[in-house]
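Architecture at a glance
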Amino acid sequence: MSSESELARVLARTGLAFPRGLLGEEARALAAAIIAGGPEPELLRPLVVDVAAAHWDTLRGPVESALLRAAAQDAQSGGHDAAALDEAIAWASEPDPDNPLALALAARAGIDLAAATRRAWEQLDAVEAALDTGDAGRLTRAVGRIVVDLLDLDPEDFEPEIVAYVAREAEDGHKPALEELARVSGDADLRTWARETLRELEAPGTPAALLTVRGLGAGELPDDPALDAVWVATIEALAEEAVEIALAAELDAAPPPPSANGRAGSTPA
């Protein structure tokens, strides 16, 4: 890539990233070093190389496809980023993970995972408080948010299920609607990843909270997703996020209230 700023612009424009739900030991080691405020960037490079090597073979194809779509869109809008996108596409076709694009994505994966891990630690504080007060609802919300963040789950990926859940909740009540939402959204692989995420969480302090969260991720996976406490908490957190996004969009789209002189958005003389 002709410059780091051009590569950063391409990544920002496309939103390209290694999915957090697929990251393994290599990314966790990189994130831990970043959180610890460890070595200088050049000394982190071996960890970044490890992340790229672990994931590039699997993710190179999807990355290349996303870049090709971005290049086509760029061409339709004037081709302002054509040179940078073309160079990124060339790197995406390179099987060797030791290339600027793969390394940039690996570094971003470590940074993003470090940030998500710190947010999970904040949720552990909520777990600790919930244990002290016996607040089961607060515990559930914290666990759901931890999984959503660490797996980088998106409410849009569950939009039809969440829309149906909101409608059913109005008719049948919260619990039946939530149980049905868990059943229609909770495939076994996704629920397994959610539990693994909790079991693998590391954190300083808050031992009771950490042990509780890890314990929720242990044991056999229930056949019925509605009986899987981890998945129920996760999909409920996603549904709450989706509702918050929808409400914010409605507020943004609403016309401004009339001013004192009766004209919307105007200032009284």
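The volume enclosed by the largest pocket comes to roughly 460 Å³. Lining the largest pocket are 19 residues, and of these Arg28, Leu113, Thr197, Glu200 and Leu201 lie nearest its centre. In terms of residues, the lining of the largest pocket owes the most to one element, helix 2 (residues 25-35), which gives four residues. Residue composition of the lining of the largest pocket, by class: 10 nonpolar, four polar and five charged.

Turning to helix 3 (residues 41-76), a few remarks are in order. Over its 36 residues, helix 3 runs only 38 Å from end to end, short of the ideal 52 Å by more than 12%, given 1.5 Å per residue. Roughly 65° is the biggest bend found in helix 3, and it falls at Trp56.

Now for the confidence of the model for the protein. The pLDDT averaged across the protein works out to 90; a share of 92% of its residues lies at or above 70. Looking across the protein, the model is least confident in helix 1 (residues 4-14), with a mean pLDDT of 84, and most confident in helix 8 (residues 174-185), with 96.

Let us now look at the packing of aromatic side chains. Here the distance between the centres and the angle between the planes together describe a pair of aromatic rings. For the coordinates displayed, the defined rule picks out one aromatic pair. Relative to Trp231, the ring of Phe158 lies with its centre 6.1 Å away and its plane at 55°, an arrangement referred to as tilted. Of this pair, Phe158 sits in the loop between helix 6 (136-151) and helix 7 (159-172) while Trp231 is found in helix 11 (residues 229-253), placing the two residues 73 residues apart along the sequence. A single burial state applies to Phe158 and to Trp231, both of which are buried.

The next point concerns empty space enclosed by the protein. Over the atoms rolls a probe the size of a water molecule, and in doing so it shows where empty space is left. Within this structure, the stated rule accounts for one cavity of 30 Å³ or more. Roughly 40 Å³ of volume is contained in the largest cavity. What lines the largest cavity is simply Thr140, Arg141, Arg145, Ala233, Glu236, Ala237 and Glu240. Looking at the lining of the largest cavity, the elements with two or more residues in it are helix 6 and helix 11.

This next bit is on the packing of helix 7 against helix 8. Describing two packed helices takes the angle between their axes plus the distance from one axis to the other. Between helix 7 and helix 8, the least distance of the axes is 7 Å, while the angle of their chain directions is 160°. If you check the angle between helix 7 and helix 8, you find them roughly antiparallel. Classified by chirality, the crossing of helix 8 by helix 7 is right-handed. The segment helix 7 lies against helix 8, with Glu161, Ile162, Tyr165, Arg168, Glu169 and Asp172 engaging His174, Pro176, Ala177, Leu178, Glu180, Leu181 and Val184.

With that settled, consider helix 4 (residues 82-92). Where helix 4 is concerned, the buried positions are Ala84, Leu85, Ala88, Ile89 and Ala92. An end-on view of helix 4 places all buried positions within 135° of arc, on one side of the element.

Reading the values: the criteria
- Residues numbered from 1 in each chain as written.
- Predicted model: local features only at pLDDT ≥ 70, side-chain atom pairs only at ≥ 80, totals over all residues.
- Heavy atoms only, no water.
- 1 Å grid on protein atoms, 1.4 Å probe; cavity = no way out; pocket = protein on both sides within 12 Å on 5 of 7 lines; lining within 4 Å.
- Points joined across faces, edges and corners; volume = space filled by probe spheres on them.
- Helix = DSSP H or I, 4+ residues; strand = E, 2+ residues; numbered from the N terminus.
- Nonpolar A, V, L, I, M, F, W, Y, C, P; charged D, E, K, R; others polar.
- Expected span 1.5 Å × (residues − 1).
- Bend = angle between axes of the 7 residues up to and from the residue.
- pLDDT = per-residue confidence, 0-100.
- Phe/Tyr/Trp six-rings, centres within 6.5 Å; stacked < 30°, edge-to-face > 60°.
- Buried < 20%, exposed > 50% of the residue type's maximum accessible area, 1.4 Å probe, protein only.
- Axes fitted to C-alpha atoms, helices over the stretch in contact; angles between N-to-C directions.
- Parallel < 35°, antiparallel > 145°, perpendicular 65-115°, else oblique.
- Left-handed = near helix turned anticlockwise from the far one by under 90°.
- Contact = heavy atoms within 4.5 Å.
- Arc of directions from axis to C-beta.

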